[in-house]
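Listed below are the residues making up each chain.
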Amino acid sequence: MIPAIPLREKIGHTLAEAPDKWVQYLVLLLFLVAVLSVYVSAAAILVGMFLKRPGGRRIRQVILGLAAAGILCMAWGAFVEPDWIEVSQVRIPTPKVSSPVRILHITDTHCDGWGPREERLLEIVRQEKPDLIVFTGDSINNPEDGLRAFRRLGTSLKAPSGCFAVGGNWDVWYWNELNLFGGTSWKALDGEGALVTVRGNRLWVCGAAYGGPWRTALKTAPPGAFTLFLYHTPDLAPEPELQDADLYLAGHTHGGQVCLPFYGALVTMSKYGKAYESGLYRIGTCALYVCRGLGMEGDPAPRVRFCCRPEVALIELVPEPGHR
Ligand SMILES: [Fe+2]
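Each value, and the rule that gives it
Residues numbered from 1 in each chain as written. Predicted model: local features only at pLDDT ≥ 70, side-chain atom pairs only at ≥ 80, totals over all residues. Helix = DSSP H or I, 4+ residues; strand = E, 2+ residues; numbered from the N terminus. Rg over C-alpha atoms; globule rule 2.2 N^0.38 Å. Buried ≥ 20, exposed ≤ 12 C-beta atoms within 10 Å, placed from the backbone. Domains from an automatic or database assignment. Contact = placed C-beta atoms within 7 Å. Nonpolar A, V, L, I, M, F, W, Y, C, P; charged D, E, K, R; others polar. Expected span 1.5 Å × (residues − 1). Arc of directions from axis to C-beta. Core = buried A, V, L, I, M, F, W, Y, C linked by C-beta atoms within 7 Å. Pairing = 2+ DSSP bridges. Axes fitted to C-alpha atoms, helices over the stretch in contact; angles between N-to-C directions.

A. Geometry of the overall build of the chain. Helices and strands together make up the secondary structure of the chain, namely six helices and 15 strands. For the chain, whose C-alpha radius of gyration is 22 Å, the value lies close to the compact-globule estimate of 20 Å for 324 residues. In terms of its C-alpha atoms, the chain occupies a principal-axis envelope of roughly 80 × 45 × 40 Å. Looking at the chain as a whole, 41% of its 324 residues are labelled buried.

This is how it looks when you write it as structure tokens:
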């Protein structure tokens, strides 16, 4: 079931139009204050116990218990969850295909070097056999081991109808001079598209690098073809021109990377806050899928994921009933 999000008018980056963004920072601040309070109190209790000062036994147990649970959560977030990749299965009915088309959506690899996530990704591609592989940016965290790992992925990944990529904000801001995609399986798109035929179904795969000429990519879509639009952030979702796309794939938010149970992402780095934090949305006639991505924000951020497993999305376009 696609959650309904109404089509909005073109939205600027203002407090009035995106109040959720500020709520997000308030919740983050409260969370950090709560964590800090627990550890300051725990330290005070340990010092008090060492000095044999009297104090409430029950409250001491609760605070020390919370501090211990916090350490376990940090260990889980640093050593277990980052390599525990989820393959999300997403079905999108459309009258523009007559047989299923399988698209593997990869994003935010943020390669630090070759590791278990990169190995597992190759295994997933071998198992799932997608028709098409797409990448929506933020390739590496460093230009040495990270670049070598990303290029190794780029030469190893293969799909019968091709591999298409757009650059993310990291790629544009920090790695513009590097050869991320050249000489690999990736065809980099920046304000353009390619007409791909998959078992008789016509797909216009188009997109742009972060901040690139995305409108041009959409304008040149051939009539009748299923339009798959790739862009790093979901922040274009409310733009009226996106109604020319059938499916918009994005990453960037990392799903929050660190989430709270029942609340979700603490920070999304999207200008619309938590509105498009992860998953499938319907914006007018366009479906939007925001993938949590594979990797983690680079330095100086700590490499942790909590309640937010790394993700690749296997998107299956299926014929709409009655449209064969
Ligand atoms: Fe990213």
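There's plenty left to go through after this.
B. A look at the domain arrangement of the chain. Per the domain assignment, the segments of the chain are domain 1 (20-81) and domain 2 (84-319). Each of domain 1 and domain 2 was reduced to a C-alpha centroid, and the two centroids are 36 Å apart. Each partner contributes residues to the interface: domain 1 has 12 residues there, and domain 2 has 13 residues. Of all the secondary-structure elements, those providing two or more residues to the side of domain 1 that touches domain 2 are α1 (20-50) and α2 (57-80). By residue number, the principal contributor to the side of domain 1 that touches domain 2 is α1, which donates six residues. Of the residues in the side of domain 1 that touches domain 2, the class split is seven nonpolar, two polar and three charged.

C. Fine view of helix α3 (residues 116-128). For α3, spanning 13 residues, the distance from its first C-alpha to its last is 18 Å, which sits close to the expected 18 Å at 1.5 Å a residue. If you check which residues of α3 are buried, you get Arg117, Leu121 and Val125. Along the axis of α3, the buried residues cluster in a sector spanning 85°; they form a single face. Opposite the packed face of α3, turned more than 90 degrees from it, sit the exposed residues Pro116, Glu119, Glu123, Arg126 and Gln127. Packing partners of the buried residues in α3 comprise β3 (101-106), β4 (132-135), α4 (145-156) and β15 (311-319). In the segment just after α3, lysine 129 is the residue with positive phi, at about 45°.

D. How the structure looks around the nonpolar core. Residues Leu228, Phe229, Leu230, Tyr231, Tyr248 and Leu288 are the most contacted members of the largest nonpolar core, which totals 68 residues. Of all the elements, strand β14 (residues 286-290) adds the most residues to this core, at five residues. In contact with leucine 228, not counting residues within four places along its chain, are Leu203, Trp204, Val205, Asp246, Leu247 and Leu249. Core analysis: the next-biggest nonpolar cluster, separate from the first, contains eight residues, Cys259, Leu266, Val267 and Cys308 among them.

E. The arrangement of the environment of proline 95 in detail. Position of proline 95 relative to the elements: it lies in the loop between β2 (86-94) and β3. Classification of proline 95 by C-beta neighbours within 10 Å gives partly exposed; the count is 13. Spatially, the C-alpha atoms of proline 95 and glutamate 241 are 20 Å apart, while their sequence positions differ by 146 residues.

F. Inspection of the pairing of strand β13 (residues 279-283) at higher detail. Across five bridges, β13 lies against β14 in antiparallel orientation. Across the sheet, the residue bridging to arginine 282 is alanine 287, located in β14. Between β13 and β14, which follow one another and run antiparallel, lie two residues, and glycine 284 among them has a positive phi close to 60°.

G. Quick look at α2. Look at α2: 33 Å from first C-alpha to last across 24 residues, which is about the 34 Å you get at 1.5 Å a residue. Where burial is concerned, little of α2 is hidden: two out of the 24 residues are buried.

H. Local environment of the environment of leucine 294. By the secondary structure assignment, leucine 294 is in the loop between β14 and β15. In this structure the C-alpha to C-alpha distance between leucine 294 and glutamate 118, which are 176 residues apart in sequence, comes to 8.8 Å. Look past the residues within four positions of leucine 294 in its chain and what remains in contact with it is Ile85, Ile106, Asp108, Thr109, Arg117, Leu121, Pro310 and Val312.

I. Representation of the sheet that holds β2 within the structure. Spatially, the six strands line up as an open sheet ordered β2-β15-β3-β4-β5-β6, and their pairing is mixed. The open sheet terminates on both sides in strands that have one partner only, identified here as β2 and β6 (186-188). Put simply, the sheet's adjacent strands are angled 25° from each other on average, direction ignored. Sitting on the sheet, α3 is in contact with β2, β3, β4 and β15, with an inclination near 20° to β15.

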